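# Observations on chain architecture
Chain by chain, the residues run as shown.
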Amino acid sequence: MSDRHSQSLATRAIHGSSGKDAHGSPHTPIYNTTTFAFSSTADLLEVVDGKKTGSLYTRYGLNPSIFALEETLASLESAEMAWAFCSGMAAETALFLTHGREGIVCIGDAYGGTLELLASQMPLLGIRTHLILGSELERLDELLAGGAMLVFFETPTNPTLELLDIRAICTKAHAHGAKVVIDNTFASPVNQRPLELGADFVVHSATKYLGGHSDLTAGALMGSKELLMPVWNWRKNLGSMISPEVASLLSRSLRTLVVRVRQQNVSAQAVAEAMAQHRKIARVYYPGLADFPGHELAKKQMHGFGGMMSIDVKGSGVDATRVADRLRLFALAPSLGGAESLVTQPCTTTQHGLTPDERSRRGISDAMLRLSVGLEDAADLIADLEQALA
Ligand SMILES: *Cc1c(COP(=O)(O)O)cnc(C)c1O
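Heads up: these notes are all about the structure in this document.

Conventions adopted
- Residues numbered from 1 in each chain as written.
- Predicted model: local features only at pLDDT ≥ 70, side-chain atom pairs only at ≥ 80, totals over all residues.
- Heavy atoms only, no water.
- 1 Å grid on protein atoms, 1.4 Å probe; cavity = no way out; pocket = protein on both sides within 12 Å on 5 of 7 lines; lining within 4 Å.
- Points joined across faces, edges and corners; volume = space filled by probe spheres on them.
- Helix = DSSP H or I, 4+ residues; strand = E, 2+ residues; numbered from the N terminus.
- Nonpolar A, V, L, I, M, F, W, Y, C, P; charged D, E, K, R; others polar.
- Salt bridge = Lys/Arg side-chain N within 4 Å of Asp/Glu carboxyl O.
- Buried < 20%, exposed > 50% of the residue type's maximum accessible area, 1.4 Å probe, protein only.
- Pairing = 2+ DSSP bridges.
- Contact = heavy atoms within 4.5 Å.
- Axes fitted to C-alpha atoms, helices over the stretch in contact; angles between N-to-C directions.

### Concerning the layout of surface pockets
As a volume, the largest pocket reaches approximately 670 Å³. For the largest pocket, the lining is made up of 23 residues, of which Thr-53, Leu-62, Phe-67, Met-81 and Trp-83 are closest to its centre. Every element with two or more residues in the lining of the largest pocket is listed here: helix H2 (41-48), helix H3 (64-76), strand E1 (81-85) and helix H9 (225-238). In terms of residue class, the lining of the largest pocket is made up of 12 nonpolar, four polar and seven charged.

Encoded structure:
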């Protein structure tokens, strides 16, 4: 790890990239360029053969705007290296095709696209995948002994905010020679840095907190150089490269990541506490509440409790829909991590594809609403929830 990792996260968010331009720009500008010229064939071959890093062709990721982004992304997750992608799903796909071919275990709930990729699509390529619940962790040993070499999970999970023990799962996986990847989208590196806890990879939908303004789609994969280098050809030939414009926009977003997420932590805590007191709310799922089942583990492995929570409205799914439809500041939209607060009802959106039985097996009630707390004033957000619940 470089010296940059010893600086605090807020400093790394601003100074994580060493790229300065020849005109003194404080950050790398947008190199809206598909290809780069060389002074000689010998020079070109050095870059082509990987003997020298340099810009060459943008789809390969060899572009200064992308290099600058990747340096900051690596620094924020305390990683040796990071690759940027055109989406979170692109990052996951390239990782699974590189390191998941001997079998993948997914623990607990995950993003709908991830579940579909693992349950329905990877098996089409002959890749064996196993989806187990967080409550079925005792099955992990048997699956690892059976040859699965990659363990994937989110923590906190979507939408029940279940906490999974990163250190304990890594220890178990590593004993079998398997690697562990954490989808750190919900927590962001501000609240959780899985590589520091023993994970081998971190994957992000940068579309969410890293981008933070609901205005870009991107993904990222972080880890050691040894484990990331084999992913390079997959990313290159799947064509899942981020564009220079989006790379630059994402670099811009990362400079404010720490202040944004810390404020969202504070506001979400206030919203969760207000909802826990509300007579029309049956249950609040938020790691920052002292009586939440994952609270102690969250205190151990997280630096903040995050901006995501779910609430069970007292009553039916129809009642919850009515509340969602009456919210004014919380926009009804299935994403998260932006400056604007969002609400979704999992049974109508993110978990709509599951059967009612499967939803209830996963602890997702029809009366559940998932909230992504944005950067509005917490008092205004609470007032909005109160008028919608009234
Ligand atoms: C949105 C999301 C993804 C997929 O990311 P895209 O950028 O939309 O491809 C993966 N994991 C989690 C946890 C997400 O929220």
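### A look at the pattern of salt bridges
Taken as a whole, this structure holds 12 salt bridges when the rule is applied. With its nearest N and O atoms 4.0 Å apart, the salt bridge here joins Arg-139 to Glu-136. Residue class for Glu-136 comes out buried when judged on its relative accessible area of 19%. Put simply, Arg-361 and Glu-136 hold a salt bridge, and the shortest N to O gap is 3.6 Å. Residue Arg-361 is found in helix H14 (residues 356-361), and its partner Glu-136 is found in the loop between strand E3 (129-132) and helix H6 (140-145); the two are separated by 225 residues along the sequence. Members of the salt-bridge network, linked through shared partners, are Asp-109, Glu-136, Arg-139, Glu-358, Arg-361 and Arg-362.

### Some words on the sheet that holds strand E8 (residues 281-285)
Strands sit in the order E8-E9-E12-E11-E10 across an open sheet of five strands; the sheet is mixed. Edge positions in the sheet fall to E8 and strand E10 (331-332), since each has one partner strand and no second. Inspection of the sheet shows strand E11 (residues 342-344) paired to strand E12 (residues 368-372) by three bridges, in the antiparallel sense. Looking at the pairing, Thr-344 lines up with Arg-370 of E12. The sheet strands contacting helix H13 (residues 317-326) are strand E9 (308-313), E10, E11 and E12, and the helix crosses E12 at an angle near 25°.

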